[in-house]
Amino acid sequence: MTTEKKQLQNIAFIGLGNMGSPMALNLQKAGYNLTVFDVVPEAVKVLVAAGARGAASIAEAVAAADLVMTMLPATQHSKQVYLSEDGVLAAAKKGATLVDSSTINADTAREIAAEATAKGFEMLDAPVSGGVAGAQAASLTFIVGGSVRTLARVQPVLEKMGKNVMHAGGPGAGQIAKICNNMLLGILMIGTSEALNLGVANGLDPKVLSSIIAKSSGRNWALEIYNPMPGVMENVPSARGYIGGFGSQLMAKDLGLAQEAAQAVHAATPLGAAAWQLYQKHIDAGNGKLDFSSIFKLVSTDSK
Ligand code: NAD
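What follows covers the site of the ligand. Around the ligand, the structure places 25 residues, and the nearest of them are M19, D38, L72, T103 and K253. M19 is positioned such that a nitrogen or oxygen atom in its backbone is 2.8 Å from an oxygen atom of the ligand. In this structure, an oxygen atom belonging to the ligand sits 2.9 Å away from a main-chain N or O atom of T103. Protein coverage of the free-state accessible area of the ligand, which is 840 Å², stands at 86%. Where the shell around the ligand is concerned, the elements lending two or more residues are α5 (75-83), α8 (131-136) and α13 (248-265). For the shell around the ligand, the leading source of residues is α5, giving 3 residues. Among the residues forming the shell around the ligand, the class breakdown is 14 nonpolar, 8 polar and 3 charged. Looking at the shell around the ligand, you find at least three residues from each of domain 1 (3-170) and domain 2 (176-302).

If you want it as structure tokens, here you go:
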């Protein structure tokens, strides 16, 4: 057991949903003293059955914690959990380290980090890439904003939940890097869908067209690893009716965050804005829970 692990032996984990539950289970398996809290009591019970201590409130969860990890749905939840009167900043013990792995608005992440620093806490924003499968397999990528020194202390803990820990810059930089990646991914998924649909509408075989693009300059991850057109690849969401994977609703959330970040600095993101609108249209048509590669359905339906 390393010195760092002893320093951060007592961990509070708040937010035990699709991602937080398997992440917390991995910390429990790694031998940390884990105290968990979620507003949904059933979510707490799963971790208690695995040996963690259940708490009935945020204050109880963080009281003895050296490290507080949070994995919450969206910006307003992080704000509430950290900044409310009975929240983490009011109740955590002096000198505790705080890590928010939720994907949230970058300005809010900076605001929470500034308040935390003013109260004497060290804080990182550390959103993740890798989805539920990555959380279960402890193979997530953590994209971290905050001080390098704080990250060095927390890194051994993050490595129990992920394979890659990348420092992006100061407070909020983890959120910005994550949404830059996901904005590009959304654009690439729509572009790949359009190209394949255009080729097929002109009589091409989608497998042949995919293999040609994969050896040409249009190659990209959506085409080669996660092809959105049914029948081209096995073991991807398009091969199973777009069930599972990364929901269109979550992609739309990240595209919306990218637009907020762009507006804050007046950065032009016309394709990001268009991608966000297309995903919203796709969700309005009832596809929010389907994997984000199901945007192919929108592209191919609009063609008819
Ligand atoms: P989720 O909705 O399944 O889980 C969030 C959990 O937080 C829920 O159990 C909820 O009850 C709990 N919660 C909400 N408010 C709370 C509060 N005030 N106090 C305590 N608990 C509270 O969401 P998820 O899929 O686990 O995603 C979590 C975060 O990770 C999101 O920001 C999401 O964008 C991001 N993310 C998700 C994925 C994915 O594939 N699901 C991938 C990468 C990043």
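Applying the stated criterion across every chain, the model contains 1 cavity of 30 Å³ or more. Empty space within the largest cavity amounts to approximately 30 Å³. If you go around the largest cavity, the residues you meet are D100, I104, A109, I112, A113, M123 and D125. Of all the elements in the fold, those that place two or more residues in the lining of the largest cavity are α7 (106-118) and β6 (122-125). Per element, the largest residue contribution to the lining of the largest cavity is 3 residues, and it comes from α7.

Taken as a whole, the second largest pocket spans an internal volume of roughly 200 Å³. Around the second largest pocket sit 16 residues that line it, and I176, I179, A258, A261 and A262 are the ones nearest its centre. Secondary-structure elements contributing two or more residues to the lining of the second largest pocket are α7, α10 (173-201) and α13. Of the residues forming the lining of the second largest pocket, the biggest block, 6 residues, is contributed by α13. Residue classes in the lining of the second largest pocket are distributed as 11 nonpolar, 2 polar and 3 charged.

Below, the discussion takes up the domain arrangement of the protein. Taken domain by domain, the protein consists of domain 1 (3-170) and domain 2 (176-302). If you look at the interface, domain 1 gives 13 residues, while domain 2 gives 8 residues. Across the domain 1/domain 2 interface, buried area totals approximately 760 Å², and carbon plus sulfur atoms make up 60% of it. Where domain 1 packs against domain 2, one counts 0 salt bridges.

Compared with the 26 Å implied by 1.5 Å per residue over 18 residues, the 26 Å span of α13 between its first and last C-alpha is a close match. Among all positions in α13, only S248, M251, A252, D254, L255, G256, L257, A258, Q259, A261 and A262 are buried. On its buried side, α13 packs onto α5, α10 and α14 (270-287).

Reading the values: the criteria
- Residues take numbers from 1 onward in each chain, read along the sequence in its written order.
- In keeping with the model being predicted, local features are shown solely for residues with a pLDDT of at least 70 and side-chain atom pairs are shown and tallied solely at 80 or more, while totals for entire chains, interfaces and linings include all residues.
- Only hydrogens and water are removed before side-chain values are computed, so all heavy atoms of the structure are retained for them.
- Only heavy atoms are used to decide nearness, and a residue is near a molecule or strand if one of them lies within 4 Å of it.
- In protein, a polar contact means a hydrogen-donor-capable atom and an acceptor-capable atom, both N or O and within 3.5 Å, with residues adjacent in sequence counting only if both atoms are side-chain atoms; elsewhere, any N or O pair within 3.5 Å suffices.
- Computed with the Shrake-Rupley method and a 1.4 Å probe, the accessible areas treat only the protein chains shown as cover for residues.
- A run of DSSP states H or I qualifies as a helix once it reaches four residues; a run of E qualifies as a strand once it reaches two. Both are numbered from the N-terminal end.
- Only Asp, Glu, Lys and Arg are considered charged, only Ala, Val, Leu, Ile, Met, Phe, Trp, Tyr, Cys and Pro nonpolar, and every remaining residue, Gly among them, polar.
- Start and end points for every domain follow an automatic or database-based domain assignment.
- In this analysis a 1.4 Å probe is tested at points of a 1 Å grid over the protein atoms alone, and where it fits but cannot get out there is a cavity; an open set with protein on both sides within 12 Å along at least five of seven lines is a pocket; lining residues have an atom within 4 Å of a point.
- Grid points are joined across faces, edges and corners, and a volume is the space filled by probe spheres set on the points.
- In what follows, a contact means two residues having at least one pair of non-hydrogen atoms within 4.5 Å.
- Accessible area that two parts lose when put together, evaluated with a 1.4 Å probe and summed over both, is termed the buried area.
- We define a salt bridge as a contact between a side-chain nitrogen of Lys or Arg and a carboxyl oxygen of Asp or Glu at a distance within 4 Å.
- A helix is expected to span 1.5 Å for every residue after the first.
- Buried means the residue's accessible area, taken with a 1.4 Å probe over protein chains only, is under 20% of the maximum for its type, while exposed means over 50%, and partly exposed covers the values in between.

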